[in-house]
Amino acid sequence: MSEDIKKTISELHIYEKKLLKELEANPEATPEEIAKNTGMDIKSVMSAAGSLASKDIIEMHKDVEEIYSLTDDGKEYAEKGLPERRILNALANKDRIHMKDLSTETGVDKKETNIAIGWLRRKNWANIDKGMVTITDFGKDFASKMDVDEETLDYLKANADGVRLFTDDLLNGVKKLAGRKNILNVKKETSHSFKILPKGEAILEEGFIIKEQATQLTHQHLKDGQWKDLEYRPYDINAEAPVIFAGKKHPLRVIIDEIRDIFLDMGFVEDNGEYVESAFWNFDSLFQPQDHAAREMQDTFYLKNPLTCDLPDMDLVKLTAETHETGADTGSIGWQYDWSEDIARQSVLRTHTTGISTKHLFEHEPPIKMFSVGRVFRRETFDYKHLPEFHQVEGLVCGEGISYQNLLGVLKEFYKKLGFEVRFRPAYFPYTYLSTESEIYLEEKESWIELGGAGMFRPEVLKPLGIDQPALAFGMGIERLAMIRYDVEDIRMLYKSDINWLREVPLDKGVRL
Ligand code: DAH
């Protein structure tokens, strides 16, 4: 306990100490009195009090008082009497007055006679029947005595500075007057009072000295030697501080950069390709037949502008056509249909990054280690799992002796660097044989999920490109990976620019601000 108290004392600001001392000497002191006696300004008193209260050293009470006074109308009523009183006075002499004569007989303003009638009825001082206002017995009683509201009115008139406290009777009068418009002024006044709590008592008992303290060691302190005499106030390193959200990379960008680094570490070079590509590179070069389902309008975005793309080297086109139709010299019989150049010319938004690999193979000599990361486009309907635009990463290795085992090895290494355990299951793609899909293990879900496709490019792909060495290739979606990494259930979150999510999402792996 005492250690705690000592620590608390060491962290007290000089204003807090002054305030506490003053309260000890003068427990009833108001903030204004404290300010006067300590030489602090009222703001410092209040902030020191707030700080002491937050540490349970004192208790702060806030009292709100209502101060009543009369408005100008109220003062006039107090002077002349309430309108129903003035009518009652007239009725006391005459018993009954016709409504139409009310104003002239009583001197009550025409506008006010209606209000007066209302109150005469409410107070049961008069009856109104067939235009005639007649005093009641009750009214007669009141002719010579004041009602509670009138007493309050008188009292307020006599205490023109304002009244804070009323007797019960006067309070009833206040309630009645408050039922009328524009008679009472109510001003609210807030005052504070303090009480030392047991912890405050303990601090006072322990004792402390009030000495000007420095909060920071400054250059000047060091230069002129002040630091030797100054007392420095310790920091409370557990105090809550405002949260600061530093600017950071978008989570998706973080993963993309991380993937790029992994490939570069593994000795791959980057190729980016184009968003707009010919169907030739996107499909035909991958031995995807021209009637393949993936080419359908509902799966692929075809462009109007440009409507077509140039085809590459005519030898390559011819060889590709032949391979599709008959298999040419690849050892296969091809797809057995008439290949169309027009279909191959169609321009598409690339549906995957795999076309970059075939183009790269055509343009480069093995050995090749290439990767690409970029957007791909598919005609998907938006939902929690699908977007018409997303990212893929693609890898390609081509060279003497490259085998399916190398493919599995590269993938294992790649996923390991991303922090996942991987397993493989057989799959089919028109452009690879053998083909596989990689699955990664999710600890939290205790299950395997599919992340990407891979395989050895078929001779039907490689031969027309002029490549006679084996090539392994793999591709996968990046958003999926991001969803797993950041625990996002809805893929759209990655594109929503939800500032709260962006601020809070921890970029625990690959953080680069
Ligand atoms: N292009 C495939 C897709 O979009 C993924 C893929 C499969 C890429 C097999 C490859 C591969 O390189 O060999 O789903």
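Heads up: the structure comes first, above all this text.
Report on the accompanying structure.

Before going further, it helps to examine the pairing of strand β12 (residues 389–398). Of all 10 residues making up β12, nine are buried, and the element is well covered by its neighbours. The pairing of strand β11 (residues 368–377) with β12 spans 10 bridges and is antiparallel. Each bridged residue has a counterpart across the sheet, and for Val373 the counterpart in β12 is Val393. Of the strand pairs in this sheet, β12 and strand β16 (residues 471–477) are connected by seven bridges, and their pairing is antiparallel. Bridging from a neighbouring strand, Cys398 pairs with Ala471 of β16.

A few words on the packing of helix α2 (residues 14–25) against helix α12 (residues 198–206). Remark: α2 packs on α12, axes separated minimally by 11 Å, with the N-to-C direction vectors making an angle of 95 degrees. As the angle between them shows, α2 and α12 are arranged roughly perpendicular. Contacts from Leu20, Lys21 and Glu24 in α2 reach Gly200, Ile203 and Leu204 in α12. When its residues are assigned to classes, the contact of α2 with α12 shows three nonpolar, one polar and two charged.

This part covers the environment of Leu286. With respect to the helices, strands and loops of the structure, Leu286 is situated in the loop between α15 (279–282) and α16 (314–326). By relative accessible area, Leu286 is classed as buried at 0%.

The next thing to look at is the site of the ligand. Surrounding the ligand, one finds 14 residues, the nearest of these being Thr354, Arg378, Gln392, Glu394 and Tyr431. At 2.8 Å, a side-chain N or O of Arg378 approaches an oxygen atom of the ligand. The separation between an oxygen atom of the ligand and a polar main-chain atom of Ala473 is 3.1 Å. In the complex, the protein chains occlude 88% of the 360 Å² of accessible area that the ligand would expose alone. Taken together, the elements giving at least two residues each to the shell around the ligand come down to β12, β15 (447–457) and β16. Taken together, the residues of the shell around the ligand sort by class into five nonpolar, seven polar and two charged.

Quick notes on the rules
Residues numbered from 1 in each chain as written. Predicted model: local features only at pLDDT ≥ 70, side-chain atom pairs only at ≥ 80, totals over all residues. Heavy atoms only, no water. Buried < 20%, exposed > 50% of the residue type's maximum accessible area, 1.4 Å probe, protein only. Helix = DSSP H or I, 4+ residues; strand = E, 2+ residues; numbered from the N terminus. Pairing = 2+ DSSP bridges. Axes fitted to C-alpha atoms, helices over the stretch in contact; angles between N-to-C directions. Parallel < 35°, antiparallel > 145°, perpendicular 65-115°, else oblique. Contact = heavy atoms within 4.5 Å. Nonpolar A, V, L, I, M, F, W, Y, C, P; charged D, E, K, R; others polar. Near = heavy atom within 4 Å. Polar contact = N/O pair within 3.5 Å; in protein donor to acceptor, adjacent residues only side chain to side chain. Areas by Shrake-Rupley, 256 points an atom, 1.4 Å probe, with all protein chains shown as cover.

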